[in-house]
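# Coordinate inspection notes
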Amino acid sequence: MDELSISVLIADRSYKLAVEKDQEELTRKAVRIIDARIKEYSNSYAYKDKQDLVAMVALEYTINY
């Protein structure tokens, strides 16, 4: 398969990823979902930095997996 190099922004941090071409859209959609959950948590809970919010989102998805 063809691999693409893409950059995504999660919690104001840029990440460079190598993804299969047919997974690019799914990856970008996942980033949008993660950022939406981060925003929801930031509106509901106190936090020191966005890493706290990322951890909360990771915990939520792990529990629901």
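Below, the structure is looked at part by part. Remember, predicted model here, so these are calculated numbers, not experimental data.

Basis of the calculations
Residues numbered from 1 in each chain as written. Predicted model: local features only at pLDDT ≥ 70, side-chain atom pairs only at ≥ 80, totals over all residues. Heavy atoms only, no water. Helix = DSSP H or I, 4+ residues; strand = E, 2+ residues; numbered from the N terminus. Contact = heavy atoms within 4.5 Å.

Position of Lys50 among the secondary structure elements: in helix H2 (residues 50–64). Along the backbone, Lys50 and Ser7 are 43 residues apart, and their C-alpha atoms lie at a distance of 19 Å. Discounting chain neighbours no more than four positions away, the residues touching Lys50 are Ala11 and Asp12.

For Ala11, which is not glycine, the phi dihedral falls at a positive 55°. Residue position: Ala11 is located in the loop between strand S1 (3–10) and strand S2 (13–20). Not every positive phi belongs to a glycine, and Asp12 is a case in point at roughly 65°. Mapped onto the elements, Asp12 comes out in the loop between S1 and S2.

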